[in-house]
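# Coordinate analysis (summary)
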Amino acid sequence: GDEGKAKITDLLAEKADLIIRYQGGCNAGHTVVAGGKTYKFHMIPSGILYDKTICFIGAGTVIHPESFERELNELKAEGVDFKNLKISPLASITMPYHIEIDGYSEAHSGKGKIGTTKKGIGPTYTDKAARIGFKIQDLYSFEALNEKIDMILPIKNKMLKNVYGLEEYTRDCILSLCEKYAELFKPYVCFDWQDLLNRYKDKKILFEGAQGVMLDVDYGTYPFVTSSHPGANGVSEGAGIGPLYIKEAIGIIKAYTTRVGSGPFPTELNDATGDLIRERGHEYGTVTERPRRTGWFDAVVVNQSRRMSSLTGISLMLLD
């Protein structure tokens with residue numbers, strides 16, 4: 001991550017007919033400068049700035065409704081139109097307790113601290129894998145939603161109280177939140193997403209990820225990773241498109257290396273050179289504004305990225 005991918009994404013988005021964000025959540029940060037304005041994107045693909053580009057948030061993502069609403073309002077204030085924004089009904093919802101668990105886990109991990117953005121990403125994916133998560137589609141069936149709440153809430157409350165020492169949630173509170181979320185997402189939910197993909201299968205589709213390949217939950221610097229598959233290897237699962245449809249994979253790499261949060265960093269520079277790179281490269285997180293760790297270009301990591309994502313090209317950023 002942090003490779004200057006927003007600039008390349010924006011250049012490619014201008015030519016794309018459809019953009020699919022396939023993994024991650026609001027822990028991502030893309031800054032795009034266009035028409036003299038600076039836009040900060042977290043969940044919404046930056047291609048929303050182009051009138052004819054359809055932007056689809058895929059099933060592999062996790063969406064925190066409050067953050068999504070905040071991003072919508074900030075972009076609306078800049079005059080951005082959302083007529084082309086669509087969300088998969090299969091995307092997972094980050095609930096308030098996911099953020100509370102994330103914060104607790106980070107605060108009490110000691111040396112095992114991951115350095116997450118505390119946005120509830122990991123706990124949301126945990127519940128998805130455990131089959132006790134809420135998906136966007138659950139919000140639009142009163143009977144199914146109530147059944148799910150009755151199944152999920154006792155489990156979550158037991159964990160919140162006995163494992164984390166956190167406040168429990170009432171049934172009415174969760175139901176009220178879900179009703180609010182249903183209204184928020186209603187204009188954008190794309191229940192005919194299969195038809196959408198079929199209509200665009202012969203056109204230009206851009207798959208947009210978040211974070212870097214060394215944060216892959218299986219192939220990254222585990223456990224100092226995110227909870228999904230950020231590279232091209234995660235596209236098929238997260239976007240709902242078979243691997244043979246993907247014709248190009250561009251690795252966006254800086255002329256040096258950075259990392260946010262904890263974990264291995266063999267080429268790290270904890271000296272004046274590292275500080276110089278940080279200041280010249282404006283290396284501060286888009287989401288957290290944390291100073292990024294900096295170091296020399298790491299060819300071993302780049303080679304791992306090439307292998308995992310079948311890179312057809314490299315965009316080398318920040319040579320200046």
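Okay, so let's go over this structure. These figures come from a predicted structure and were not determined experimentally.

On the basis of which strands lie adjacent, the open sheet formed by 4 strands has the order β6-β4-β1-β8 and parallel pairing. Across the chains shown, the open sheet's two edge strands, defined by having one partner strand only, are β6 (85-87) and β8 (205-208). Looking at each pair of strands side by side, their axes are set apart by 20° on average, direction ignored. Note that strand β1 (residues 18-21) and strand β4 (residues 54-57) share 4 bridges and pair parallel.

What follows covers the pattern of salt bridges. Inspection of the entire model under this criterion finds 9 salt bridges. The residue Arg 171 makes a salt bridge to Asp 150 at a minimum N-O spacing of 2.7 Å. Of the two residues, Arg 171 sits in helix α6 (residues 171-185) while Asp 150 sits in helix α5 (residues 142-162), which places them 21 residues apart along the sequence. Members of the salt-bridge network, linked through shared partners, are Lys 254, Glu 283 and Arg 292.

Taken as a whole and assessed by the stated rule, the structure comprises 6 aromatic pairs. Judged by centre distance (6.1 Å) and plane angle (75°), the rings of Phe 68 and Tyr 188 are edge-to-face. On the criterion of sequence distance, the pair formed by Phe 68 in helix α2 (residues 65-77) and Tyr 188 in the loop between α6 and α7 (193-200) is long-range, its members being 120 residues apart. The residues Phe 68 and Tyr 188 share a single accessibility class, namely buried.

Those residues of α7 that sit buried are Trp 193, Leu 196, Leu 197 and Tyr 200. On an axial view of α7, the arc spanned by its buried residues comes to 95°, and they lie on one face. As for α7, its buried residues are in contact with β1, β4, β6, β8 and α8 (235-239).

Now for the environment of Leu 18. Note that Leu 18 resides in strand β1. Its relative accessible area of 0% is what places Leu 18 among the buried residues. It is 7.1 Å that separates the C-alpha atoms of Leu 18 and Tyr 200, two residues lying 182 residues apart in sequence. Setting aside chain neighbours within four positions, we find Leu 18 in contact with Ile 54, Phe 56, Leu 196, Leu 197, Tyr 200, Lys 204, Ile 205 and Leu 206.

Attention now moves to unusual backbone geometry. For the peptide bond that leads from Tyr 222 to Pro 223, omega is 10°, which places it in the cis range. Mapping Pro 223 onto the fold places it in the loop between β8 and α8. Even without glycine at this site, Arg 131 takes up a positive phi of about 65°. When you line up the elements, Arg 131 lands in the loop between α4 (121-129) and α5. Although it is not a glycine, Gln 211 adopts a positive phi angle of roughly 70°. Looking at the element boundaries, Gln 211 is found in the loop between β8 and α8. Using a relative accessible area of 17% as the deciding quantity, one classes Gln 211 as buried.

Rules and cut-offs
Residues numbered from 1 in each chain as written. Predicted model: local features only at pLDDT ≥ 70, side-chain atom pairs only at ≥ 80, totals over all residues. Heavy atoms only, no water. Pairing = 2+ DSSP bridges. Helix = DSSP H or I, 4+ residues; strand = E, 2+ residues; numbered from the N terminus. Axes fitted to C-alpha atoms, helices over the stretch in contact; angles between N-to-C directions. Salt bridge = Lys/Arg side-chain N within 4 Å of Asp/Glu carboxyl O. Phe/Tyr/Trp six-rings, centres within 6.5 Å; stacked < 30°, edge-to-face > 60°. Buried < 20%, exposed > 50% of the residue type's maximum accessible area, 1.4 Å probe, protein only. Arc of directions from axis to C-beta. Contact = heavy atoms within 4.5 Å.

The values are spatial; any link to function lies outside them.
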